[in-house]
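A structural walkthrough
Spelled out from the first residue to the last, the chains are:
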Protein chains: 2
Amino acid sequence: MPEPADTVRFRQWLAVAAEEARAGLDEGGVPIGAALIGRDGAVLGRGRNRRVQDGDPSAHAETAAFRAAGRQRGYTGTTMVTTLSPCWFCSGLVRQFGISRVVVGESRTFTGGHGWLAEHGVAVTVLDDPDCAAMMAEFVRDRPDLWNEDIGAATDG
Amino acid sequence: MPEPADTVRFRQWLAVAAEEARAGLDEGGVPIGAALIGRDGAVLGRGRNRRVQDGDPSAHAETAAFRAAGRQRGYTGTTMVTTLSPCWFCSGLVRQFGISRVVVGESRTFTGGHGWLAEHGVAVTVLDDPDCAAMMAEFVRDRPDLWNEDIGAATDG
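Residues numbered from 1 in each chain as written. Chains lettered and ligands numbered in written order. Predicted model: local features only at pLDDT ≥ 70, side-chain atom pairs only at ≥ 80, totals over all residues. Heavy atoms only, no water.

Chain A is annotated in an unreviewed UniProt entry as Nucleoside deaminase from Streptomonospora arabica.

Some details on the UniProt feature "domain: CMP/dCMP-type deaminase" (unreviewed entry) in chain A
Which entries qualify depends on this criterion: UniProt positions are given in the numbering used here, feature names are shortened, and annotations may be inferred rather than shown by experiment. Helix and strand definitions here come from DSSP, where helices need a minimum of 4 consecutive H or I residues and strands a minimum of 2 consecutive E residues; each element is numbered from the N-terminal end.
Annotation from UniProt places "domain: CMP/dCMP-type deaminase" (unreviewed entry) at residues 8-117 of chain A. Within residues 8-117 of chain A, the helical portion is 41% and the strand portion 21%, while the C-alpha atoms at the span's ends are 22 Å from each other.

Considerations on the pairing of strand β4 (residues 101-106) of chain A
All names here are of chain A. Formally: Only protein chains enter the accessibility calculation, which uses a 1.4 Å probe; a residue is then buried when its area is under 20% of its type maximum, exposed when over 50%, and partly exposed in between. A clockwise path from the first strand over the helix to the second, with the strands pointing away from the viewer, defines a right-handed crossover. Whether two strands pair comes down to DSSP finding at least two bridges between them.
Of all 6 residues in β4, 5 are buried, a share of seventy percent or more. With helix α4 (residues 88-97) bridging strand β3 (residues 79-84) and the parallel β4, this β-α-β connection has right-handed handedness. Where β4 meets strand β5 (residues 123-126), 4 bridges bridge the pair, whose relative direction is parallel. Note that in β5 the partner of Val 103 across the bridge is Thr 125.

Description of the sheet that holds β4(A)
Residue and element names in this part refer to chain A. In plain terms, the rule: Lines fitted to C-alpha atoms define the axes, with helix axes restricted to the stretch in contact, and inter-axis angles between N-to-C directions lie between 0 and 180 degrees. Here, residues are in contact when the closest pair of their heavy atoms is within 4.5 Å.
In space, the 5 strands of this open sheet follow the order β2-β1-β3-β4-β5, with mixed pairing throughout. The strands lining the two open edges of the sheet, one partner per strand, are β2 (43-48) and β5. On average, each strand axis in the sheet is inclined to that of its neighbour by 15°, with strand direction left out of account. Summarising the sheet, strand β1 (residues 33-37) and β3 pair through 4 bridges and their orientation is antiparallel. Across the sheet, Ala 34 pairs through a bridge with Thr 82, a residue of β3. Lying over the sheet, helix α6 (residues 130-142) contacts β3 and β4, oriented at roughly 65° with respect to β4.

Brief notes about helix α6 (residues 130-142) of chain B
Since the α-helix packs 3.6 residues into each turn, any two residues three or four apart lie on the same face. Residues and elements named next belong to chain B. Defined as follows: Expected span, for any helix, means 1.5 Å times one less than how many residues it has. Whenever two N or O atoms come within 3.5 Å, that pair is a polar contact, provided that in protein one can donate a hydrogen and the other can accept it, and provided that, for residues adjacent in sequence, both atoms are side-chain atoms.
In this model, α6 (13 residues) spans 18 Å end to end at C-alpha, consistent with the 18 Å of a helix rising 1.5 Å per residue. Turning to α6, the residues buried within the fold contact α1 (4-26), β3 (79-84), β4 (101-106) and α7 (144-150). The opening residue of α6 is Asp 129, an N-cap whose side-chain oxygen sits 3.1 Å from the backbone nitrogen of Asp 131.

Topic: α1(B)
All names here are of chain B. When the terminal C-alpha atoms of α1 are compared, their 33 Å separation across 23 residues agrees well with the 33 Å that a helix rising 1.5 Å per residue should span. Every buried residue belonging to α1 is among Phe 10, Trp 13, Leu 14, Val 16, Ala 17, Ala 18, Glu 20, Ala 21 and Gly 24, and all of these are buried. Following α1 by one or two positions, Gly 28 adopts a phi angle in the positive range, close to 85°.

Examining the state of the cysteines
We apply this condition: Two cysteine sulfur atoms make up a disulfide if the distance between them is within 2.5 Å.
Enumeration according to the criterion identifies 0 disulfides over all chains in this entry. Its sulfur unpaired, Cys87(A) is 4.2 Å from the next cysteine sulfur, which belongs to Cys90(A).

Here we look at the packing of helix α3 (residues 61-68) of chain A against α4(A)
All names here are of chain A. Which entries qualify depends on this criterion: Angle categories: roughly parallel below 35 degrees, roughly antiparallel above 145, roughly perpendicular from 65 to 115, and oblique for all the rest. Three residue categories are used. Nonpolar comprises Ala, Val, Leu, Ile, Met, Phe, Trp, Tyr, Cys and Pro, charged comprises Asp, Glu, Lys and Arg, and polar comprises the others, including Gly.
For the pair α3 and α4, interaxial distance at closest approach is 8 Å and the crossing angle is 40°. As judged from the angle between their axes, α3 and α4 are oblique. Here Glu 62, Thr 63 and Phe 66 of α3 come into contact with α4, specifically with Phe 89, Cys 90, Leu 93 and Phe 97. Taken together, the residues that form the contact of α3 with α4 break down as 5 nonpolar, 1 polar and 1 charged.

Considering the interface of chain A and chain B
Interface size, as often reported, equals the accessible area lost upon joining of the parts. What counts, and what does not: A 1.4 Å probe defines the accessible area here, and the buried area is the portion of it lost by two parts on being joined, summed over both. By salt bridge we mean one thing: a side-chain nitrogen of Lys or Arg within 4 Å of a carboxyl oxygen of Asp or Glu.
In this assembly, 38 residues from chain A lie in contact with 38 residues from chain B. Of the roughly 3,300 Å² buried where chain A meets chain B, counting both sides, 55% is carbon and sulfur surface. Among the residues of chain A in contact with chain B, Arg71(A), Arg73(A) and Gln96(A) are the three that bury the most area, contributing 23% of the side total. On the surface where chain A and chain B come into contact, there are 4 salt bridges. A salt bridge links Asp56(B) to Arg67(A); its shortest N-O distance comes to 3.5 Å. Taken together, chain A and chain B are joined by 10 residue pairs in polar contact (both at pLDDT 80 or more). Of all the elements in the fold, those that place two or more residues in the side of chain A that touches chain B are α2 (51-54), α3, α4 and α7 (144-150) of chain A. Considering every element that reaches the side of chain A that touches chain B, the biggest residue donor is α4(A), with 7 residues. The class makeup of the residues in the side of chain A that touches chain B is 14 nonpolar, 13 polar and 11 charged.

Considering the sheet that holds strand β1 (residues 33-37) of chain B
All names here are of chain B. Pairing in this open sheet of 5 strands is mixed, and the strands run β2-β1-β3-β4-β5 from one edge to the other. Lying at the two open borders of the sheet, with one neighbouring strand each, are β2 (43-48) and β5 (123-126). Direction aside, the axes of adjacent strands within the sheet are offset by 15° on average. The pairing of β3 with β4 spans 5 bridges and is parallel. Paired with Thr 82 across the two strands is Val 104, which belongs to β4. The strands that α6 touches are β3 and β4; relative to β4, the one it contacts most, it runs at about 65°.

Set out below in structure tokens:
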């Protein structure tokens, strides 16, 4: 379990991700945000789901944040903070590149690969943030078509 | 095991991926190529690793091909063909979006998540193509720095 001092830091980082998510919602997109945090606590990159905005199905929030950070020599000591439990794609990103820690806003509306990451040595903290959960629950209710498309769960048509 | 007729098709698709890989090599990039093939056999999207060319560490070949295909309602019946065994990031992509089949050029120089995908119901064929293996082996020998960076195995500096 993280120390209380860690939780304060994690919540500050989550605020960056949540700001991205809200910006995405305002743009008519999928409201998921993320940031890659350096070992010194600085934001290396931040991003949001851009499926709708860019017509890019690979622009999940975590992948967008990772992309925004540009080429890095390594990821030891970095943290991926995300408003929602990372899907298999973004979990694979964390595992492949050796990102040390994942901080998850909530995993009520969707449970991705954060448990798998913990099994493979990634430090995982789920903050269970009610604001993140409420924003996502509302989106899933209002736009099930878009949400299912975003996680590959749409009925093929 | 695939039927001989499938293997002919798979090799035709691999030729598209290999063409992408060779173009990447000519650009000074990581020589890995991929294509997403529709259920009717048409190329939905093709791409190559663009870490060097675009400074984009998320532009692995499979992810680039997926991106190039744009938004799709679903991926049932599609095939991801790639010159090299997909890393965890790109394997996660295949699993999350329900891509039905993966055709791998070779897995000698790098073994990613294709076994994990097979365990989770993805049809996997490894063609063990000597040309793909030779191109990749040469690249790994000549540019170990770039290769390790691309798979998150660089020594942090």
